[in-house]
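Architecture at a glance
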Amino acid sequence: MEKIITVDIDKCLGCRTCQLECAIEHSKSKDLFAAIQEDPIPQYRISVEFINGSNIPWQCRHCDDAPCETVCPTAAISRKNDESPVVINKNKCIGCKMCIQVCPFGVLKRSKSDNTVIKCDFCIERLEEEKEPVCVKGCPTNALKMTTLEELSSKKKEASTQRLLTSFQKGKNSVDMGQE
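Residues numbered from 1 in each chain as written. Predicted model: local features only at pLDDT ≥ 70, side-chain atom pairs only at ≥ 80, totals over all residues. Heavy atoms only, no water.

1. Remarks on unusual backbone geometry
Residues aspartate 39 and proline 40 are joined by a peptide bond in cis, for which omega reads 0°. Position of proline 40 among the secondary structure elements: in the loop between α2 (32-35) and β2 (47-51). With a phi close to 60°, phenylalanine 122 is a non-glycine residue in the positive phi region. As for its placement among the helices and strands, phenylalanine 122 is situated in the loop between β7 (117-118) and α5 (124-128). Of the residues examined, phenylalanine 122 reaches a relative accessible area of 3% and is grouped as buried. (Helix = DSSP H or I, 4+ residues; strand = E, 2+ residues; numbered from the N terminus. Buried < 20%, exposed > 50% of the residue type's maximum accessible area, 1.4 Å probe, protein only.)

Set out below in C-alpha coordinates:
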(Lines give C-alpha, C1' and ligand atoms only; values in the text may rest on other atoms or scores of the structure.)
Protein backbone atom coordinates (compact mmCIF):
# COMPACT_ATOMS: atom_id res chain seq x y z
CA MET A 1 0.00 0.00 0.00
CA GLU A 2 1.18 3.49 -0.79
CA LYS A 3 -0.16 5.04 2.43
CA ILE A 4 0.01 3.71 5.96
CA ILE A 5 -1.07 4.88 9.39
CA THR A 6 1.90 5.99 11.48
CA VAL A 7 1.92 6.52 15.22
CA ASP A 8 3.85 9.12 17.17
CA ILE A 9 3.76 7.50 20.61
CA ASP A 10 5.13 10.67 22.20
CA LYS A 11 1.89 12.43 21.21
CA CYS A 12 -0.57 9.66 22.17
CA LEU A 13 -2.46 10.54 25.35
CA GLY A 14 -4.21 7.19 25.59
CA CYS A 15 -7.58 8.93 25.35
CA ARG A 16 -8.99 6.14 23.15
CA THR A 17 -10.80 8.59 20.88
CA CYS A 18 -9.54 6.46 17.99
CA GLN A 19 -11.30 3.42 19.46
CA LEU A 20 -14.55 5.32 19.92
CA GLU A 21 -14.44 6.80 16.41
CA CYS A 22 -13.69 3.36 14.97
CA ALA A 23 -16.59 1.69 16.78
CA ILE A 24 -19.00 4.41 15.62
CA GLU A 25 -17.75 4.16 12.01
CA HIS A 26 -18.34 0.39 12.07
CA SER A 27 -21.78 0.68 13.69
CA LYS A 28 -25.02 0.30 11.79
CA SER A 29 -26.09 3.87 12.55
CA LYS A 30 -22.73 5.71 12.29
CA ASP A 31 -23.97 7.88 15.18
CA LEU A 32 -22.64 7.79 18.75
CA PHE A 33 -25.97 7.98 20.55
CA ALA A 34 -27.63 5.45 18.28
CA ALA A 35 -24.58 3.15 18.30
CA ILE A 36 -24.60 2.75 22.09
CA GLN A 37 -28.18 1.47 21.76
CA GLU A 38 -27.22 -1.17 19.17
CA ASP A 39 -27.10 -4.85 20.06
CA PRO A 40 -24.37 -5.90 20.13
CA ILE A 41 -22.53 -2.66 20.83
CA PRO A 42 -20.20 -1.92 17.88
CA GLN A 43 -16.59 -3.03 18.25
CA TYR A 44 -13.49 -1.01 17.54
CA ARG A 45 -10.74 -2.37 15.30
CA ILE A 46 -7.89 -0.36 16.82
CA SER A 47 -6.79 -0.70 20.42
CA VAL A 48 -4.66 1.50 22.63
CA GLU A 49 -2.42 -0.31 25.08
CA PHE A 50 -0.19 1.11 27.80
CA ILE A 51 3.21 -0.58 27.47
CA ASN A 52 6.42 0.40 29.28
CA GLY A 53 5.21 3.92 30.03
CA SER A 54 3.81 4.64 26.56
CA ASN A 55 0.36 4.52 25.01
CA ILE A 56 0.52 2.55 21.80
CA PRO A 57 -2.36 2.37 19.30
CA TRP A 58 -2.43 -1.01 17.52
CA GLN A 59 -4.25 -1.73 14.30
CA CYS A 60 -3.82 -3.94 11.26
CA ARG A 61 -0.68 -3.07 9.30
CA HIS A 62 -2.17 -4.35 6.01
CA CYS A 63 0.99 -6.32 5.27
CA ASP A 64 2.09 -6.61 1.64
CA ASP A 65 2.33 -10.38 2.06
CA ALA A 66 -0.41 -10.68 4.68
CA PRO A 67 -0.20 -13.97 6.59
CA CYS A 68 -3.90 -13.72 7.47
CA GLU A 69 -4.79 -13.57 3.79
CA THR A 70 -2.50 -16.47 2.93
CA VAL A 71 -3.82 -18.78 5.66
CA CYS A 72 -7.55 -18.09 5.18
CA PRO A 73 -9.10 -21.33 3.88
CA THR A 74 -12.17 -19.62 2.37
CA ALA A 75 -10.45 -16.57 0.84
CA ALA A 76 -12.55 -14.38 3.13
CA ILE A 77 -9.49 -12.20 3.70
CA SER A 78 -8.32 -10.42 0.59
CA ARG A 79 -7.60 -7.12 -1.08
CA LYS A 80 -8.82 -5.70 -4.39
CA ASN A 81 -5.30 -4.81 -5.55
CA ASP A 82 -1.82 -4.04 -4.21
CA GLU A 83 -2.88 -0.55 -3.10
CA SER A 84 -6.03 -1.69 -1.30
CA PRO A 85 -6.32 -2.56 2.38
CA VAL A 86 -6.64 -6.17 3.50
CA VAL A 87 -10.33 -6.71 4.34
CA ILE A 88 -12.54 -9.52 5.59
CA ASN A 89 -15.64 -10.63 3.70
CA LYS A 90 -17.92 -11.50 6.62
CA ASN A 91 -20.07 -13.69 4.36
CA LYS A 92 -17.11 -15.97 3.56
CA CYS A 93 -15.55 -16.07 7.05
CA ILE A 94 -16.19 -19.39 8.82
CA GLY A 95 -14.67 -18.28 12.12
CA CYS A 96 -11.79 -20.80 12.10
CA LYS A 97 -9.53 -18.14 13.67
CA MET A 98 -6.43 -19.28 11.77
CA CYS A 99 -5.88 -15.63 10.81
CA ILE A 100 -5.81 -14.66 14.48
CA GLN A 101 -3.13 -17.28 15.11
CA VAL A 102 -0.80 -16.10 12.32
CA CYS A 103 -1.13 -12.33 12.69
CA PRO A 104 2.30 -11.11 13.83
CA PHE A 105 0.73 -8.06 15.49
CA GLY A 106 -2.17 -9.74 17.31
CA VAL A 107 -4.72 -7.25 16.02
CA LEU A 108 -7.44 -9.55 14.68
CA LYS A 109 -10.27 -10.51 17.02
CA ARG A 110 -13.61 -12.29 17.17
CA SER A 111 -16.74 -10.36 16.43
CA LYS A 112 -19.17 -10.12 19.34
CA SER A 113 -22.12 -10.40 16.98
CA ASP A 114 -21.23 -13.74 15.39
CA ASN A 115 -18.41 -16.23 14.98
CA THR A 116 -16.52 -14.20 12.36
CA VAL A 117 -13.26 -12.28 12.72
CA ILE A 118 -12.91 -8.49 12.56
CA LYS A 119 -9.93 -6.22 11.99
CA CYS A 120 -9.05 -2.73 10.81
CA ASP A 121 -10.23 -2.20 7.25
CA PHE A 122 -8.65 1.28 6.97
CA CYS A 123 -12.24 2.57 6.82
CA ILE A 124 -12.31 1.40 3.21
CA GLU A 125 -15.52 3.28 2.37
CA ARG A 126 -13.88 6.51 3.52
CA LEU A 127 -10.71 5.72 1.53
CA GLU A 128 -12.80 5.27 -1.59
CA GLU A 129 -14.16 8.79 -0.94
CA GLU A 130 -10.55 9.99 -0.52
CA LYS A 131 -11.04 10.61 3.21
CA GLU A 132 -8.76 9.56 6.06
CA PRO A 133 -9.65 6.64 8.34
CA VAL A 134 -11.69 7.87 11.32
CA CYS A 135 -8.98 7.00 13.85
CA VAL A 136 -6.62 9.41 12.08
CA LYS A 137 -9.29 12.09 11.61
CA GLY A 138 -10.44 11.89 15.22
CA CYS A 139 -7.06 11.83 16.99
CA PRO A 140 -6.99 15.06 19.05
CA THR A 141 -3.17 15.20 19.24
CA ASN A 142 -2.42 14.04 15.69
CA ALA A 143 -0.54 11.04 17.08
CA LEU A 144 -2.04 9.02 14.23
CA LYS A 145 -1.24 10.17 10.71
CA MET A 146 -1.87 8.85 7.25
CA THR A 147 1.42 9.08 5.38
CA THR A 148 3.12 7.74 2.29
CA LEU A 149 6.15 5.52 2.57
CA GLU A 150 8.23 8.24 0.91
CA GLU A 151 7.14 10.80 3.53
CA LEU A 152 7.93 8.36 6.31
CA SER A 153 11.36 7.62 4.87
CA SER A 154 12.09 11.32 4.44
CA LYS A 155 11.08 12.09 8.06
CA LYS A 156 13.25 9.27 9.36
CA LYS A 157 16.19 10.47 7.30
CA GLU A 158 15.68 14.01 8.58
CA ALA A 159 15.56 12.82 12.22
CA SER A 160 18.68 10.69 11.73
CA THR A 161 20.52 13.62 10.16
CA GLN A 162 19.54 15.84 13.07
CA ARG A 163 20.81 13.27 15.61
CA LEU A 164 24.04 12.89 13.65
CA LEU A 165 24.61 16.66 13.49
CA THR A 166 23.88 16.99 17.21
CA SER A 167 26.35 14.20 17.92
CA PHE A 168 29.01 15.85 15.78
CA GLN A 169 28.35 19.19 17.48
CA LYS A 170 28.70 17.65 20.95
CA GLY A 171 31.95 15.95 19.89
CA LYS A 172 33.32 19.19 18.44
CA ASN A 173 32.39 21.15 21.57
CA SER A 174 34.13 18.63 23.85
CA VAL A 175 37.26 18.79 21.65
CA ASP A 176 37.14 22.61 21.67
CA MET A 177 36.73 22.62 25.46
CA GLY A 178 39.71 20.27 25.86
CA GLN A 179 41.98 22.62 23.91
CA GLU A 180 41.35 25.65 26.12
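Right, picking up where we left off after that structure.
2. Focus on the pattern of salt bridges
Scanning the model with the defined rule gives four salt bridges in all. As a salt-bridge pair, lysine 90 and aspartate 114 come within 3.3 Å of each other at their nearest N and O atoms. Of this pair, lysine 90 sits in the loop between β5 (87-88) and α4 (98-102) while aspartate 114 is found in the loop between β6 (109-110) and β7, placing the two residues 24 residues apart along the sequence. Assessed through its relative accessible area of 38%, lysine 90 is described here as partly exposed. (Salt bridge = Lys/Arg side-chain N within 4 Å of Asp/Glu carboxyl O.)

3. Notes on the pairing of strand β8 (residues 144-148)
With four of its five residues buried, β8 lies for the most part within the structure. With five bridges connecting them, strand β1 (residues 3-7) and β8 associate as antiparallel partners. Counterpart to valine 7 in the pairing with β8 is leucine 144. (Pairing = 2+ DSSP bridges.)

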